[in-house]
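Residues per chain are reported as follows:
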Number of protein chains: 4
Amino acid sequence: MGTAPETTEHILLVDCRDCPGLVHAITGVLFRAGANVISNNEYVDAETQRFFMRTACDGLADEASVKAEIQRLLPAGAVVQIREAAPRRVVVLVSREHHCVADLLVRHAYGELGAELLAVVSNHDNLRSLAEKFSVPFHHVPYGSLTREEHEDALQALIAPMRPDYIVLAKYMRILSPRFVATWPNRIINIHHSFLPAFAGARPYAQAFHRGVKVIGATSHFVSDQLDEGPIIAQQVIPMDHSYTPDDLSRAGRDIERTVLSNTLKLLNEDRVFLCGNRTVIFD
Amino acid sequence: MGTAPETTEHILLVDCRDCPGLVHAITGVLFRAGANVISNNEYVDAETQRFFMRTACDGLADEASVKAEIQRLLPAGAVVQIREAAPRRVVVLVSREHHCVADLLVRHAYGELGAELLAVVSNHDNLRSLAEKFSVPFHHVPYGSLTREEHEDALQALIAPMRPDYIVLAKYMRILSPRFVATWPNRIINIHHSFLPAFAGARPYAQAFHRGVKVIGATSHFVSDQLDEGPIIAQQVIPMDHSYTPDDLSRAGRDIERTVLSNTLKLLNEDRVFLCGNRTVIFD
Amino acid sequence: MGTAPETTEHILLVDCRDCPGLVHAITGVLFRAGANVISNNEYVDAETQRFFMRTACDGLADEASVKAEIQRLLPAGAVVQIREAAPRRVVVLVSREHHCVADLLVRHAYGELGAELLAVVSNHDNLRSLAEKFSVPFHHVPYGSLTREEHEDALQALIAPMRPDYIVLAKYMRILSPRFVATWPNRIINIHHSFLPAFAGARPYAQAFHRGVKVIGATSHFVSDQLDEGPIIAQQVIPMDHSYTPDDLSRAGRDIERTVLSNTLKLLNEDRVFLCGNRTVIFD
Amino acid sequence: MGTAPETTEHILLVDCRDCPGLVHAITGVLFRAGANVISNNEYVDAETQRFFMRTACDGLADEASVKAEIQRLLPAGAVVQIREAAPRRVVVLVSREHHCVADLLVRHAYGELGAELLAVVSNHDNLRSLAEKFSVPFHHVPYGSLTREEHEDALQALIAPMRPDYIVLAKYMRILSPRFVATWPNRIINIHHSFLPAFAGARPYAQAFHRGVKVIGATSHFVSDQLDEGPIIAQQVIPMDHSYTPDDLSRAGRDIERTVLSNTLKLLNEDRVFLCGNRTVIFD
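Worth saying up front: this structure is predicted, and the values here are computed from it rather than measured. (Residues numbered from 1 in each chain as written. Chains lettered and ligands numbered in written order. Predicted model: local features only at pLDDT ≥ 70, side-chain atom pairs only at ≥ 80, totals over all residues. Heavy atoms only, no water.)

Q: Can you break down the interface of chain C and chain B residue by residue, with the values?
A: On the chain B side, the residues contacting the 17 residues of chain C number 18 residues. Note on chain C versus chain B: buried area summed over both sides is about 1,700 Å², and carbon and sulfur give 48% of it. Taken together, chain C and chain B are joined by 6 salt bridges. Counting across the interface, chain C meets chain B through 9 residue pairs in polar contact (both at pLDDT 80 or more). (Contact = heavy atoms within 4.5 Å. Buried area = accessible area lost by both parts, 1.4 Å probe. Salt bridge = Lys/Arg side-chain N within 4 Å of Asp/Glu carboxyl O. Polar contact = N/O pair within 3.5 Å; in protein donor to acceptor, adjacent residues only side chain to side chain.)

What follows is the structure, encoded as structure tokens:
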């Protein structure tokens, strides 16, 4: 397994309409329950007037009653979650490119990923030996003569029983249908090889080359119905110059793609990412 | 005047179809003319098979004959330029924002710009005292009830007699007509407050806020007929997070806007920028 | 004056020994006083077990009693401050270089600095006209035949009556004595032109050139008795290559020096900097 | 093997005293030999007046005579090398940390490293299975009760027959003796986990933590007799803040360590690194 969680740490997550006294009220419940706050982040989004809070604490004995008491104190519609800090369960979808999944496999093997890799699933078979080197199950689900719907049904039949928290598209080059995406709301993560919203869609490095940009990037985001338009989680860029061919761009970009993706998984595994409309609030 | 050029340094610029032996042929002319090469850059664009060369040298006595001899050795259609290293003549167009023009004025005053600021021209009057503090002429050309065409005619009548090498749009918020742009081909430079091609057009920081990006940028480019689509010269980015309001973005962006713009002027003044289709080749 | 503060915003700063329930207790006082929390940051330093908190709020009516009540609830030795958000009073000390002070003057003139520049004080006279362009008083305090002690006495006699919150060394090239530093504990800020602790002391760009580094930097820090060893506030770096001469490094470094310095003043003016031994805790 | 070299590309490397006409002379030999120049870089170091040139070309038939002719035209003492572009032979020395060697193994397996990994050699046995997953020979050379001299003799007896071009210390935590270093002059590369010259020696992340820096870095350099003082090849940094523990720093640093190291190997494999005293000239 990827990581050894500290057994007694809990994460409290609150997402609700803002009103006075929220921090005082919530920390009061934790204090009376004997919890020791390790770290605390709050943010109020000015536009939507929503309040977000992430609290890491230990010594929390009775999660259910603490959660219920906090829920009772908060405005109607508040979303309250308490979970033990533990690796998230992740299925990786990939096509033919090795660099992102190789990075995840190495980090997983050495307990640095903070996630449990349940399986690598691909529409190609070429990465089987890589996954198996690191004792992570590999499943080949070829397109063959399947329709997109049939192929996604096959994926779904394979993945659903694994009960993943997240499905990570680590260079999965086929577009998922709204129907599939709706099955995993805000739980599919994609790494896109450009600085979105620049160069959405196919072949971003070729696009970047022809536009003559001086910086290229990579973007991780939640997958939504709109191609490459879901909420952005992380982005990183590197400088380039006129001498880079599209192939050079692609090679240079691979390094930031995998860095952005592993940073993203770390944020998700530590419950540091909130959704606020089509934006993300990230406590890092 | 902004800078004190080294009196004897010349810059040779070559842009021609690639063929074998170009570097040998060109450096041979310089060698026989007694020129001492200080630095030399070459690049062949694989896609267009064009050859670009920039050579800085001193000890060059007879520019005209050297230029003619090089021209004679090169393929038909070669563009050869030799110029003494000297500050380029620049007119700055600006609207109401001070930060870019203030930066240019300070650098100019202390001989760090590498350009001669001929004038600051604005459709507003609020930056007059700033320009005049640094003894650079300020001209107010208000829109008033003018049509765009009439306003541009007024600008043209003012600017043309100054014989600038470049017109720099240092946050000039009106779109120039193709007719005006055609008068100054590849000689109008704009600073755009986003990482182009993301967020072209108006209000890029508001666009960036609503897209929820994690990095913002600034881009300098040649002005062409297509809004914000001319060849990119320089780009820079800085990280941001969810807590930035559009105003925060705007403030943070001002620092990179002026850095990108002054870097761009340095490149142009030192003749380090070649055009290659809609891309730039930059020898830095 | 530099900025127009929002009149009703207050900043609460707490620095005390950590113990359970601090956030709950402090936010309770604010809540009962009718204050509306705008933002809140807390941090516990694991090594020293100290608790740091910065809270921005509005609607706070009776500062003195709120402060007293919070003080009463906290462990012995707690440092509690409440202040109205307002520009800090700053005196700038400078030698001959213009770039940092020019940047501060421009930002101050346009209300972007968040500080009130009381005066520019120099051991040289060459920057007088620059300061006066922006209507900031300039004072020339030459060394002449003075001892360091006498020169510092003259500075002290000039500066003390201005009652600055901070003295900013914007490229002041003389070392201040421990005696002078002790008069302004944690209130003198220096910008050093290297990535400290690399290249402390004199001529850091020449040192960087000879060591052949591939990145150069700038560092702002509190001035302490130990030269260039006070707590670091902000650092920034830029890449360089073999072709940079010491002069090129110096020129390139100026851009990051002034960026680091103005970012530092912003942090200080917004009370975002805490001291924790020889380290800083920064809520940004 | 790691990479498939383009069979007909040659790299010419020249390092000599500067004098007029060098580029013309050298490119003349290549032109007459029918070589087609793909790219060309030159640099003259102002301090030492040394000339450096790297030329990539194809179509070069008779390397030996071309080299001899160039040598004959250049000043006495010129170093001229012509080699076919081909993967360099590399032995990796490592202690217990996996991240750098894992990165090299993955890149090697997918032909992205540009080097041939001959073996992984360690004073510990824990990384054996990792190397063997990727079919690279692993050798355990334990200290046991050996003196440093005896241990290095064992290393030497193992490594020398492999005839490596470079020995790469990918987190090898023992200091090599001057005697061993002298056997491989300018052919041992180290990755140091700090922004040198800051935090040379042991435990740089702990040093960085206690100094309270806001940026951490990694540095690759040639190993010389002076610990961590050899010529720097590449450096990279990332921002950090007060909340990072030494462990967090170490984890964050691992990402830049491996990026810097793989970039360094790419530069070396493409013959882009020249030595100029204790500095490097890098054509990238």
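Q: How would you sum up the environment of D:F283? Please name residues and give values.
A: Summarising the element assignment, D:F283 is placed in the segment after β13 (279-282). Look at D:F283 and you get buried, because its relative accessible area is 5%. Spatially, the C-alpha atoms of D:F283 and D:N190 are 20 Å apart, while their sequence positions differ by 93 residues. Leaving out residues up to four positions away in the same chain, D:F283 has contacts with C:H242, D:N41, D:E42, D:Y43, D:F52, D:M53, D:R54, D:R272 and D:F274. (Helix = DSSP H or I, 4+ residues; strand = E, 2+ residues; numbered from the N terminus. Buried < 20%, exposed > 50% of the residue type's maximum accessible area, 1.4 Å probe, protein only.)

Q: Break down the packing of helix α8 (residues 246-269) of chain B against helix α8 (residues 246-269) of chain C for me, citing the residues and quoting the values.
A: Orientation of α8(B) relative to α8(C), taken along the N-to-C sense of each, is 170°, at an axis distance of 12 Å. If you check the angle between α8(B) and α8(C), you find them roughly antiparallel. Of the residues in α8(C), those touching α8(B) at B:R251, B:D255, B:R258, B:T259, B:N263 and B:K266 are C:R251, C:D255, C:R258, C:N263 and C:K266. For the contact of α8(B) with α8(C), a count of residues per class yields no nonpolar, 3 polar and 8 charged. (Axes fitted to C-alpha atoms, helices over the stretch in contact; angles between N-to-C directions. Parallel < 35°, antiparallel > 145°, perpendicular 65-115°, else oblique. Nonpolar A, V, L, I, M, F, W, Y, C, P; charged D, E, K, R; others polar.)

Q: Which residues make up the interface of chain A and chain B, and what are the values?
A: The partner chain B presents 32 residues to the 32 residues of chain A that form the contact. Here chain A and chain B share an interface that buries about 2,700 Å² over both sides, 59% of which is from carbon and sulfur atoms. When residues of chain A are sorted by the area they lose upon contact with chain B, A:R211, A:H242 and A:R279 head the list and together hold 27% of the total. When residues of the side of chain A that touches chain B are traced back to their parent elements, those giving at least two are α7 (204-211), β11 (232-239) and β13 (279-282) of chain A. For the side of chain A that touches chain B, the element with the most residues is β11(A), which contributes 5 residues.

Q: Describe in detail the relation of the copies chain A and chain B, supporting the description with residues and values.
A: Two copies of a chain can be linked by a rotation about an axis combined with a shift along that same axis. When chain A is brought onto chain B, the operation consists of a screw motion whose angular component is 180° and whose axial shift is 0.0 Å, with 0.0 Å RMSD remaining. Seen this way, the second copy is the image of the first under a two-fold rotation axis. Considering only C-alpha atoms, the residue of chain A closest to the rotation axis is A:A198, which sits at 2.3 Å. Of all interface residues in chain A, 100% are interface residues in chain B too; the two copies therefore contact each other through one and the same surface. (Least-squares fit on C-alpha atoms with pLDDT ≥ 70 in both.)

Q: Describe the environment of B:V44, with residues and values.
A: Residues and elements named next belong to chain B. On the secondary structure map, V44 appears in strand β2 (residues 36-45). For the pair formed by V44 and V281, sequence separation is 237 residues and the distance between their alpha carbons is 9.7 Å. Sequence-distant contacts of V44, that is, excluding residues within four places in its chain, are made with D18, Q49, R50 and F51.

Q: Account for the sheet that holds strand β4 (residues 79-84) of chain B, naming residues and giving values.
A: All names here are of chain B. Read from one edge of the open sheet, 4 strands run β2-β3-β1-β4, paired in antiparallel fashion. The open sheet is flanked by β2 and β4, the only strands paired with a single partner. Across the sheet, the mean angle from the axis of one strand to that of its neighbour is 10°, orientation sign disregarded. Direction of pairing for β2 relative to strand β3 (residues 50-58): antiparallel, over a ladder of 9 bridges. Its bridge partner lying in β3, E42 is registered against M53. Helix-sheet contacts for helix α2 (residues 63-73) involve β1 (9-17) and β4, and the interaxial angle to β4 is about 160°. (Pairing = 2+ DSSP bridges.)

Q: Got a sec to walk through the sheet that holds strand β1 (residues 9-17) of chain A? Specific residues and values, please.
A: Residues and elements named next belong to chain A. The antiparallel open sheet is built from 4 strands, whose spatial order is β2-β3-β1-β4. Across the chains shown, the open sheet's two edge strands, defined by having one partner strand only, are β2 (36-45) and β4 (79-84). On average, adjacent strands in this sheet sit at an angle of 10° to one another, irrespective of strand direction. Its contacts with the sheet place helix α1 (residues 22-32) against β1, β2 and β3 (50-58), and it is angled at close to 25° to β3.

Q: Give a description of the pattern of salt bridges that names residues and reports values.
A: This model, assessed by the stated rule, comprises 71 salt bridges over all chains. With its nearest N and O atoms 2.8 Å apart, the salt bridge here joins A:D103 to A:R107. Taken together, the residues span about one helical turn, with A:D103 and A:R107 both in helix α3 (residues 99-109) at a distance of 4 residues. A:R107 carries the same exposure label as A:D103, and that label is buried. Via salt bridges that share partners, A:D103, A:R107, D:D255 and D:R258 belong to a single interconnected network.

Q: Would you mind going over the relation of the copies chain C and chain B in detail, with residue names and values included?
A: Overlay of chain C on chain B (RMSD 0.0 Å): rotation 180°, translation along the axis 0.0 Å. The fraction of interface residues of chain C whose copies in chain B are also interface residues reaches 100%, indicating that both copies meet through the same surface.

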